[in-house]
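Okay, here's what each chain looks like letter by letter:
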Amino acid sequence: MTPSDATVLMDGTDVRRAVGRMAHEVLEKLGGTDRLVLIGIHRRGVDLAAMIGGAIASAEGETVPSGTLDITLYRDDLMAVGPRPLVGETKLPAGGVDDMKVVLVDDVLYTGRTARAALNELMDWGRPARILLCVLVDRGDRELPIQPDIVGREFPVLPNQRVDVLVPGLDQDLAVVLSAVERA
């Protein structure tokens, strides 16, 4: 269900169309599925990686190995999260990431801090041959010099606004929504 104060930027059809295009871009940039691994960043990046993997399987007839990263302990604002952060599971594909072409998948790229934390954690698990950053939404206004390799859509957003990706399983709808930032 979409929050009542939110503006829909992409509906489910738009998201599925973007994910299909992103899957084809992954294949084009990496020359197919050889040594390809999809790694979703918790939470919604995991669902998007699964969607991209499904689109690749449909196009190529091959299932791409996948995994998940929980970057909680790699965050540079861990103290702001609280004394007992909820840590999810990092799960690598059976063959690991050494010498693999890894596509890190996240929902929204904003400051670049999540992507930096994901790169730090990934490098602790091995040495990939190549890493691409794939995001559904690039909202701009980076704090770190990190740019995505594959983008579903770009939406320049004001600092007092937030972009949320809604996915089935965590939310009721598949959509991208824009809302005002709630001040504490």
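Everything below is about the structure shown above.
Here goes a summary of the coordinates provided. As a convention, each chain's residues are numbered from 1 in the sequence order in which they are written. For this predicted model, a pLDDT threshold of at least 70 governs which residues receive local features, and a threshold of 80 or more governs which side-chain atom pairs are given and counted, while totals over whole chains, interfaces and linings are taken from all residues. Hydrogens and water molecules were not included; the side-chain quantities draw on all heavy atoms of the structure.

**Focus on the pairing of strand β4 (residues 101–109)**
Accessibility here uses a 1.4 Å probe with only protein chains present; expressed as a share of the type maximum, an area under 20% marks a residue as buried, one over 50% as exposed, and anything in between as partly exposed. Runs of E in the DSSP output that reach at least two residues are strands. Runs of H or I that reach at least four are helices, and both are numbered from the N terminus. With respect to burial, β4 is a largely interior element, nine of its nine residues being buried. Two strands pair if DSSP finds at least two bridges between them. Bridging between strand β2 (residues 36–41) and β4 involves five bridges; their strand directions are parallel. Residue pairing in the sheet places Val37 in a bridge with Val102 of β4. Look down the strands so they point away from you; if the path from the first strand over the helix to the second goes clockwise, the crossover is right-handed. In the classification by handedness, the crossover that spans β4, the intervening helix α4 (residues 113–125) and the parallel strand β5 (residues 130–138) is right-handed.

**Focus on the sheet that holds strand β1 (residues 7–10)**
Strand order in this open sheet of three strands is β1-β8-β7, and the pairing throughout is antiparallel. Where the open sheet ends on each side, the last strands, each with one partner, are β1 and β7 (161–166). Between one strand and the next, the sheet's axes are offset by a mean angle of 30°, whatever the strand orientation. Both β1 and strand β8 (residues 175–180) contribute to a ladder of three bridges, which runs antiparallel. Counterpart to Val8 in the pairing with β8 is Val177. Every residue pair with non-hydrogen atoms within 4.5 Å of one another is taken to be in contact. Lines fitted to C-alpha atoms define the axes here, with helix axes fitted over just the stretch in contact, and angles between the N-to-C directions of these axes take values from 0 to 180 degrees. Where helix α1 (residues 12–30) meets the sheet, its contacts fall on β1 and β8, and the angle it forms with β1 comes to roughly 25°.

**Observations regarding α4**
Take the residue count of a helix, subtract one, and multiply by 1.5 Å to get its expected span. Here α4 is 13 residues long and its end C-alpha atoms lie 19 Å apart, about the 18 Å a rise of 1.5 Å per residue gives. Where α4 is concerned, the buried positions are Ala115, Ala117, Ala118, Glu121 and Leu122. Buried residues along α4 cover an arc of 160° about the axis, so they all sit on one side. Its buried side turned inward, α4 meets β2, β3 (66–69), β4 and β5. The directions considered for the arc are those from the helix axis to the C-beta atoms.

**What about the packing of aromatic side chains?**
Two rings from Phe, Tyr or Trp (for Trp, the six-membered ring) form a pair when their centres sit within 6.5 Å of each other. Planes less than 30 degrees apart are called stacked, planes more than 60 degrees apart edge-to-face, and all others tilted. Under the definition given, this model contains zero aromatic pairs. Geometry around Tyr110 places Arg139 over its ring, the cationic atom sitting 3.7 Å from the centre. Note on criteria: charge over ring means Lys NZ or Arg CZ within 6 Å of the ring centre, with the direction from the centre no more than 35 degrees off the ring normal.

**Re the pairing of β2**
Walk down a regular strand and you will see the side chains alternate between the two sheet faces. When you tally the buried positions in β2, you get six out of six residues, the bulk of the element. Bridge count for β2 against β3 is four bridges, and the pairing is parallel. What sits directly across from Leu38, in β3, is Ser66.

**Quick notes on the nonpolar core**
Within the largest apolar cluster, 32 residues are counted, with the highest numbers of intra-cluster contacts made by Ile52, Ile56, Val103, Leu136 and Val176. Elements represented by at least two residues in this core include exactly α1, β2, α2 (44–60), β4, β5, β7 and β8. A per-element tally of this core places α1 first, with eight residues. If near-sequence neighbours (up to four positions away) are discounted, Val176 is found in contact with Thr7, Val8, Leu9, Met10, Val15, Leu136, Val137, Val163, Asp164 and Val165. Grouping buried Ala, Val, Leu, Ile, Met, Phe, Trp, Tyr and Cys residues that are joined through side-chain atoms within 4.5 Å yields what is termed a nonpolar core.

**As for the sheet that holds β2**
In space, the five strands of this open sheet follow the order β3-β2-β4-β5-β6, with parallel pairing throughout. The open sheet has two free edges, formed respectively by β3 and β6 (150–154), since each of these has just one partner strand. When strand polarity is set aside, the average angle formed by the axes of neighbouring strands in this sheet is 25°. Pairing of β5 with β6, which is carried by four bridges, proceeds in the parallel orientation. Within β6, the residue paired with Asp138 across the bridge is Glu154. Those strands touched by α2 are β2, β3, β4 and β5, and its axis lies near 150° from that of β2.

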